[in-house]
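What the coordinates show
Take a look at the letters that make up each chain.
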Amino acid sequence: MGAYIVRRVLWAILLLLVVSFITFVIFDVFPSADPAALRAGRNATPALIEQIRHNLGLDKPFYTQFWIYLKGLVTHFDLGYSYYNSESVKSEIFSRLPATISVTVGGFIVWMLIGIPVGIVSAIRPRSVVDRVMMGGSLVAISAPVYFLGLVSLFVFAKGTGQLQWFGAAGSYVPITQDFGTWFNSLILPWVTLAAAFAAFYARMMRGNLIETMHEDYIRTARAKGLRERVVITKHGLRAALTPVVTMAGMDIGLLLGGAILTEIVFNIPGVGRYAYNAITNSDLPAIQGTVLFGAFFIVFANLVVDILYAFLDPRVTYG
Amino acid sequence: MPLLEIEDLHVSFKTIDGVVHAVEGVSLSLDARKTLGIVGESGSGKSVTAQTVIGLTRFPNATIRGRIVFDGKDLVAMSTEQLRGIRGARIAMIFQDPLSSLHPFFKVGHQIVEAIRTHEDVPRDAARRRTIEALRSVGIPGPEQRFESFPHEMSGGMRQRAMIAMALALRPDILIADEPTTALDVTVQAQVLELIQALRDDFGTAVVLITHDLGVVAQMCDDVAVMYAGRVLEQAPRETLFDEPEHPYTWGLLQSIPRLDAPRTDRLSPIAGSPPSLINVPRGCTFHPRCPYTPPPALETEPELAPSEPGHLVRCHLPVEERKRLWQSLQQEHPALR
């Protein structure tokens, strides 16, 4: 197990290197705009633009730029400075991480609390009225994009902009350390909006897994032993049906920690996702590079955690 | 009085393709300490019959009619909650594939402990001791260590032994074994059958043995029912069935057994055709499309399961004397059948 983890971590590092190299190449081959010109502002003289280009190191060949970036990253975990406002990318990302974590973790709790029970109830009586209503509803939820559902929820529920004035509006986010009540209230709509599609997807996945599991021979054995149907479902059925859900959940959390872009933009939450979006619109390579690397890190890390967890969940899985 | 009596059992399932008539009017009885064999091809309704006894076929799309009398009570009429008390405790069942029949995520010992504690209010460590005892009694070496094993860590034969240990831990009156050796290596098959036999003799458990292997029947059973398309075609004590079978289907089954003592040049004679669909069952005698004799009434009306002599029931339109004559000429043609 120890050797396995070491091997996986080394692969992860290599993967992150490749990811940042590819980001660099893409930016060099297809630049969306000239960062130096953007920085210089309107009516800048060519000499000023050239000066800025030199200051940012953009006049060097891209492999030299990559080498400098890599050296800073490896030696003192330096993600560079924004072309746009000269802020340290590392501190910008870290200061936004709590907001992204708040959105992700809260959304995750909401979608699991809704998705799993709905999936189980549907699976117990497939094709019943309850099942059809829930699966029909889930199809609607999967089909509704965040920017639609988010705006509708703001229009109906948000303070200020909404009809009902119940929950915090867009841009009302404050850090949890500042005021828990405001923090919580401002995140209710983002959580529910983010969770809607995930909850629906997880409900369908849970339903499918559990229906399939309930046809397994070992479920028949559990019934033949005389176990209560409740025990057959919640112990023997769920134990097997939940395992793939854990895998999915780990991956989705990893993906969202890299930035829940749509949700953060719709609700104007200062998280990593919105930072990434701004970086792209500003052609701000260090910021793009930093957020991509962060996103890739969370995905790779989540994968590793899921794989290790799997060895504990499924006794048939061992790593050598 | 028989221990278990199945009377005119009908089981059908509504499916998208139509209604599957899996069991049509099966009547069987099992006496204490006896072994009843149910033989037939896949889809003959033998497994459905057995699973219906403990209510494992009570799916939403299933229709079950008839009576299954056990201990003076009708199991068909019983609620699932009442039936639960009988499942595992008084009628236990083991299945074809022990790997898929054991839960892959739970330790074998735990799965047996669970069976015991479902029916008896015993403390965990007492259930554990009984489980280890049960594992020992089915010949699993190192039962203390095996208690902690997961199913995938055991061999096929060991897994089936563990299933038997689970089934017998509560000393049931009846053990239903649904093709218990089909998924096992040939060398292990004999061991498992001997184990079932030994446990039957030691504990006095009656056994319903479902198989498509007439060799297994010859070795194990007191009485045999031959099933086809959801019906019993012939039913007799073992000796009668092997010495004086009267149904053309049974003859076909006996002819299709490979024999070591037959000359190598003899070819196996399988039964022509394939089993009928249970959605569109043939008119008249269900076996007539594959029957080499086909007496004329077989095309129109289904024969009754009627006694040809006490204890020997045959569902065939051929007159009894004709059947006996045909069997004798078959035996002359194929010395292996003698």
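In what follows, the structure referred to is the one given above.
All of the points below concern the structure found in this document. (Residues numbered from 1 in each chain as written. Chains lettered and ligands numbered in written order. Predicted model: local features only at pLDDT ≥ 70, side-chain atom pairs only at ≥ 80, totals over all residues. Heavy atoms only, no water.)

A word on the overall build of chain B
Basically, it comes down to this: Counting from the N terminus, the helices are DSSP H or I runs at least four residues long and the strands are E runs at least two residues long. For the radius of gyration, the atom set is restricted to C-alpha positions; the globular benchmark scales as 2.2 Å times the number of residues to the power 0.38. For each residue, the accessible area found with a 1.4 Å probe, counting protein chains only, is set against the maximum for its type, and the residue is called buried under 20%, exposed over 50%, and partly exposed in between. By the convention used here, residues are in contact when the closest approach between their heavy atoms is within 4.5 Å. Here the accessible surface of atoms and residues is derived via Shrake-Rupley with a 1.4 Å probe, and residues count as covered only by protein chains that are part of the display. We count Lys and Arg on the positive side and Asp and Glu on the negative side, and we leave His and both chain ends out. Taken as the charge location is NZ of Lys, CZ of Arg, CG of Asp or CD of Glu.
A count of helical and extended segments in chain B gives 12 helices and 12 strands. Here the C-alpha atoms of chain B give a radius of gyration of 21 Å, agreeing with the 20 Å that 2.2 N^0.38 yields for 338 residues. Looking at chain B as a whole, 53% of its 338 residues are labelled buried. Within chain B, residue pairs in contact and separated by at least 24 positions form 63% of the contacts whose partners lie at least 6 positions apart. Element-wise, carbon and sulfur atoms account for 51% of the exposed surface of chain B, whose accessible area totals about 15000 Å². Side-chain charges of chain B comprise 35 positive and 43 negative groups, with the mean position of each set lying 4 Å from the other.

Considerations on the sheet that holds strand S11 (residues 306-309) of chain B
Residues and elements named next belong to chain B. This is how the line gets drawn: The pairing criterion for strands is at least two bridges between them, as found by DSSP. Between the N-to-C directions of two axes lies an angle of 0 to 180 degrees, each axis being a line fitted to C-alpha atoms and, for a helix, fitted only over the stretch in contact.
Reading across the sheet, the 8 strands line up as S6-S7-S8-S3-S9-S10-S12-S11 and stay open at both edges, with mixed pairing between neighbours. Either end of the sheet is taken by a strand with one partner, and the two such strands are strand S6 (91-94) and S11. Adjacent strand axes in the sheet meet at a mean angle of 20° when their direction is disregarded. Examined bridge by bridge, strand S9 (residues 223-228) and strand S10 (residues 231-237) share 6 bridges and lie antiparallel to one another. Considered in S10, the bridge of Asp-223 is made with Pro-237. Sheet contacts for helix H11 (residues 248-255): S9 and S10; angle to S9, the most-contacted strand, approximately 100°.

Structural notes on the pairing of strand S8 (residues 206-211) of chain B
Residues and elements named next belong to chain B. Rules: When the strands point away from the viewer and the connection leading from the first strand across the helix to the second strand turns clockwise, the crossover is called right-handed.
Across the 6 residues that make up S8, a large majority, 6, are buried. The two faces of S8 match: Ala-206, Val-208 and Ile-210 on one face and Val-207, Leu-209 and Thr-211 on the other face are all buried. Here 5 bridges tie strand S3 (residues 35-39) to S8, and the two strands are oriented parallel to one another. Bridge assignment links Leu-36 to a residue of S8, and that residue is Val-208. Looking at chain direction, strand S7 (residues 174-178) and S8 are connected through 5 bridges and run parallel. From the neighbouring strand, Ile-176 faces S8, where its bridge partner is Val-208. Regarding the hand of the β-α-β motif, the stretch spanning S7, helix H8 (residues 186-203) and S8 is right-handed.

With respect to the state of the cysteines
Formally, a disulfide is one covalent bond, and it connects the sulfur atom of one cysteine to the sulfur atom of another. All names here are of chain B. Note the cut-off: The disulfide criterion used throughout: a pair of cysteine sulfur atoms within 2.5 Å.
Counted under the stated rule, the structure contains 0 disulfides over all chains. Free cysteine: Cys-316, not disulfide-bonded; nearest cysteine sulfur from Cys-291 at 6.3 Å. On the basis of relative accessible area, Cys-316 is assigned to the buried category, the value being 15%.

Some points on the pairing of S9(B)
Residues and elements named next belong to chain B. By the criterion of burial, S9 is predominantly enclosed, with 5 of the 6 residues buried. Pairing of S3 with S9, which is carried by 4 bridges, proceeds in the parallel orientation. Note on S9: the bridge partner recorded for Leu-36 is Asp-223. Linking S9 back to S10 in an antiparallel pair, the connection comprises 2 residues, with Ala-229 at a positive phi of about 50°.

Notes on the packing of helix H1 (residues 2-29) of chain A against helix H4 (residues 62-76) of chain A
Residues and elements named next belong to chain A. This is how the line gets drawn: Take the far helix as your reference; a near helix turned counterclockwise from it by less than a right angle gives a left-handed crossing, and one turned clockwise gives a right-handed crossing. Lys, Arg, Asp and Glu make up the charged group, whereas Ala, Val, Leu, Ile, Met, Phe, Trp, Tyr, Cys and Pro make up the nonpolar group; the residues left over, Gly among them, are polar.
Relative orientation of the contacting elements H1 and H4 amounts to 145°, with a least axis distance of 11 Å. When you trace H1 past H4, the crossing you get is right-handed. Along the contact surface, H1 presents Leu-17, Ser-20, Phe-21, Phe-24, Val-25 and Asp-28, while H4 presents Phe-62, Gln-65, Phe-66, Tyr-69 and Leu-70. Grouping the amino acids of the contact of H1 with H4 by side-chain chemistry returns 8 nonpolar, 2 polar and 1 charged.

Details of the packing of helix H4 (residues 108-119) of chain B against helix H5 (residues 124-137) of chain B
Residues and elements named next belong to chain B. Running from N to C, H4 and H5 point in directions that differ by 115°, and their axes come no closer than 9 Å. Seen from above, H4 lies across H5 with right-handed handedness. Of H5, the residues touching H4 (which contributes Gly-109, Ile-112, Val-113, Ile-116 and Arg-117) are Arg-124, Ala-127, Arg-128, Arg-130, Thr-131 and Leu-135. By residue class, the composition of the contact of H4 with H5 is 5 nonpolar, 2 polar and 4 charged.

Section: unusual backbone geometry
Residue and element names in this part refer to chain A. Even without a glycine there, the phi angle at Arg-127 is positive, about 70°. Here Arg-127 is to be found in the loop between helix H5 (89-124) and helix H6 (129-143). A positive phi angle is found at Gln-165, which is not glycine, with a value near 60°. Positionally, Gln-165 belongs in the loop between helix H7 (146-157) and helix H8 (180-214). With a relative accessible area of 39%, Gln-165 lands in the partly exposed category.

Some thoughts on the packing of aromatic side chains
Two aromatic rings, taken as a pair, are described by how far apart their centres are and by the angle between their planes. Our working definition: A pair of aromatic rings is counted whenever rings of Phe, Tyr or Trp (Trp by its six-membered ring) have centres within 6.5 Å, and the orientation is called stacked for planes under 30 degrees apart, edge-to-face for over 60 and tilted otherwise. In our convention, an over-ring charge means Lys NZ or Arg CZ found within 6 Å of a ring centre and within 35 degrees of that ring's normal.
Applying the stated rule across the entire model yields 28 aromatic pairs over all chains. A ring pair is formed by A:Phe108 and A:Trp111, whose centres lie 5.3 Å apart and whose planes are at 85°; its orientation type is edge-to-face. Of the two residues, A:Phe108 and A:Trp111 both sit in helix H5, 3 residues apart, roughly one turn of that helix. An angle of 80° between the planes, with centres 6.0 Å apart, marks the rings of A:Trp166 and A:Phe167 as edge-to-face. The exposure class assigned to A:Phe167 is partly exposed, which follows from its relative accessible area of 21%. An aromatic cluster of at least three residues, connected via ring pairs, comprises A:Phe21, A:Phe24, A:Phe62, A:Tyr63, A:Phe66 and A:Tyr69. The residue whose ring lies beneath A:Lys235 is B:Phe106, and the NZ or CZ to ring-centre distance is 5.4 Å. Of note, B:Arg171 hangs over the ring of B:Phe203, and the distance from its end group to the ring centre comes to 3.9 Å.

Digging into the interface of chain B and chain A
Counted only if it meets this: Summed over both partners, the accessible area (1.4 Å probe) lost when two parts come together is defined as the buried area. Whenever a carboxyl oxygen of Asp or Glu lies within 4 Å of a side-chain nitrogen of Lys or Arg, that contact is scored as a salt bridge. Pairing of N or O atoms within 3.5 Å defines a polar contact, subject to two protein rules: one partner must be a possible hydrogen donor and the other a possible acceptor, and residues neighboring in sequence count only if both atoms are side-chain atoms.
Counting from both sides, the interface comprises 26 residues of chain B and, opposite them, 20 residues of chain A. Carbon and sulfur atoms make up 60% of the area that chain B and chain A hide from each other, which totals about 2200 Å². Note that A:Arg228 is salt-bridged to B:Glu81, the shortest N-O span being 3.4 Å. Remark: the boundary between chain B and chain A carries 14 residue pairs in polar contact (both at pLDDT 80 or more). The dominant element in the side of chain B that touches chain A, judged by the number of residues it contributes, is H4(B), at 6 residues. Class assignment of the residues belonging to the side of chain B that touches chain A gives a composition of 12 nonpolar, 10 polar and 4 charged.

Quick look at the side chain of B:Arg290
Residues and elements named next belong to chain B. If you trace the backbone, Arg-290 turns up in the loop between H11 and S11. From its side chain, Arg-290 meets the backbone oxygen of Ala-272 in a polar contact 2.8 Å long. A polar atom in the side chain of Arg-290 sits 3.1 Å from the backbone oxygen of Gly-273. The contact partners of Arg-290, leaving out residues within four places of it in the chain, are Glu-41, Tyr-228, Ile-271, Ala-272, Gly-273, Ser-274 and Pro-275.

Structural notes on the side chain of A:Thr263
Within the fold, A:Thr263 resides in helix H11 (residues 261-266). Discounting residues that sit within four places of it in the chain, A:Thr263 has contacts with A:Val103, A:Val146, A:Pro190, A:Leu194 and A:Ile269.

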